[in-house]
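# Per-entry structural report
Here's the letter readout for the chains.
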Amino acid sequence: MLNIVIFGPPGAGKGTQSQLIIGRYRLTHLSTGDILRNEIANETPLGTEAKKIIEKGELVSDDIVIGMVKNKIEGSIDGNGFIFDGFPRTTEQAEALDKLLEEKGTAISAMISLDVEETELVKRLLKRAEDQGRTDDNIDVIKNRIKVYNEVTSHVCNYYSKKGKYSPVDGTGSIEEIFDRISAVIDGLGKKRSCCG
Ligand code: B4P
């Protein structure tokens, strides 16, 4: 199985690039942001709880998010693999993901981290606010999301770096240029796998 974590700060393009990765590599898309927004749209108890947290730009609790991911993995374990988009966002989530995959006899192949500067992130998210009207895309909440990323989520890089799975990619330029860089990383994994057996 090919299991990719697509990582980066809010607005780095995780969701955008995930769509292209799924198309080329036929992976199952697992976006915790999408699952949470779906719960909110359906006005479930989990959605009602998550809405308050997301609108402040904070992280939903590890227990809730890990439970959601577990359900999705159980339901889709027969495919080519997964693209984990927006998950893990804490070291605890990263540890839980490794455990869940190990139980299924598989593992993370690579963590691809999109590097984008803060001014560009803010610009992209304010543009998305105009286009899509997401309630967490306003300047105060964006600033807090970036702060939470820097203080908590960015440490997840160290977790994968220690395991030799961290692949930083320049997340600026056109969507196609960035996708070419990501594809080069993923195709490189395939070569490593086939030449090592
Ligand atoms: P997410 O849905 O993961 O949202 P995101 O980080 O804002 O977006 P992403 O990086 O995918 O950006 P996109 O491609 O859309 O999370 C939302 C919230 O849910 C979190 O703040 C948190 O509260 C909660 N949550 C989710 N997962 C969680 C977890 N694991 N634990 C706890 N809480 C969790 O790109 C952004 C914009 O840029 C788009 O409009 C796009 O068109 C544009 N864009 C993309 N690439 C571009 C490029 N190359 N050039 C110019 N614009 C570009």
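Residues numbered from 1 in each chain as written. Predicted model: local features only at pLDDT ≥ 70, side-chain atom pairs only at ≥ 80, totals over all residues. Heavy atoms only, no water.

As a rule of thumb, soluble globular proteins bury nonpolar side chains together. With 29 residues, the main nonpolar core has Val5, Val69, Ile73, Phe84, Leu97 and Tyr160 as its most contacted residues. Listed by contribution, the elements that provide at least two residues to this core are strand E1 (4–7), helix H2 (32–41), helix H3 (45–54), helix H4 (62–76), strand E3 (82–85), helix H5 (91–103) and helix H8 (156–162). Residue contacts for Phe84: discarding those within four places in its chain leaves Asn3, Ile4, Val5, Ile6, Leu30, Val69, Ile73, Leu97, Leu101 and Ile108. Residues Ile83, Val122, Leu125 and Ile142 belong to the second largest nonpolar core, which totals 24 residues. (Core = buried A, V, L, I, M, F, W, Y, C linked by side-chain atoms within 4.5 Å. Buried < 20%, exposed > 50% of the residue type's maximum accessible area, 1.4 Å probe, protein only. Helix = DSSP H or I, 4+ residues; strand = E, 2+ residues; numbered from the N terminus. Contact = heavy atoms within 4.5 Å.)

The next subject is the environment of Thr16. Checked against the element boundaries, Thr16 lands in helix H1 (residues 14–25). Exposure remark for Thr16: the relative accessible area of 41% places this residue in the partly exposed category. With 89 residues separating them along the chain, Thr16 and Gly105 place their C-alpha atoms 29 Å apart.

Now for H3. Along H3, the residues that are buried comprise Gly47, Ala50, Ile53 and Ile54. Looking down the long axis of H3, one finds its buried residues gathered within 120° of arc, a one-sided arrangement. Next to the buried residues of H3 lie H2 and helix H7 (139–151). (Arc of directions from axis to C-beta.)

In this section: the site of the ligand. The environment of the ligand is formed by 29 residues, the closest being Thr16, Thr32, Glu58, Arg128 and Arg145. A distance of 2.8 Å separates an oxygen atom of the ligand from a polar atom in the side chain of Arg37. Burial of the ligand by the protein chains amounts to 87% of its free accessible area of 1,000 Å². Mapped onto the shell around the ligand, the elements with two or more residues apiece are H1, H2, helix H6 (118–132) and helix H9 (175–196). Sorting elements by how many residues they give to the shell around the ligand places H2 first, with four residues. Along the lines of polarity and charge, the residues of the shell around the ligand split into eleven nonpolar, nine polar and nine charged. (Near = heavy atom within 4 Å. Polar contact = N/O pair within 3.5 Å; in protein donor to acceptor, adjacent residues only side chain to side chain. Areas by Shrake-Rupley, 256 points an atom, 1.4 Å probe, with all protein chains shown as cover. Nonpolar A, V, L, I, M, F, W, Y, C, P; charged D, E, K, R; others polar.)

Turning to the environment of Lys99, a few remarks are in order. Mapping Lys99 onto the fold places it in helix H5. Judged by relative accessible area, Lys99 falls into the exposed class, the value being 58%. Taking the C-alpha atoms as reference points, Lys99 and Met1, 98 residues apart in sequence, are found 16 Å from one another.

Once that is clear, we can look at the sheet that holds strand E5 (residues 166–170). Taking strand neighbours across the sheet as the criterion, the five strands line up as E2-E3-E1-E4-E5 in an open arrangement whose pairing is parallel. The open sheet is flanked by strand E2 (28–31) and E5, the only strands paired with a single partner. On average, adjacent strands in this sheet sit at an angle of 20° to one another, irrespective of strand direction. The strands touched by H2 are E2 and E3; relative to E2, the strand with the most contacts, the crossing angle is about 65°. (Pairing = 2+ DSSP bridges. Axes fitted to C-alpha atoms, helices over the stretch in contact; angles between N-to-C directions.)

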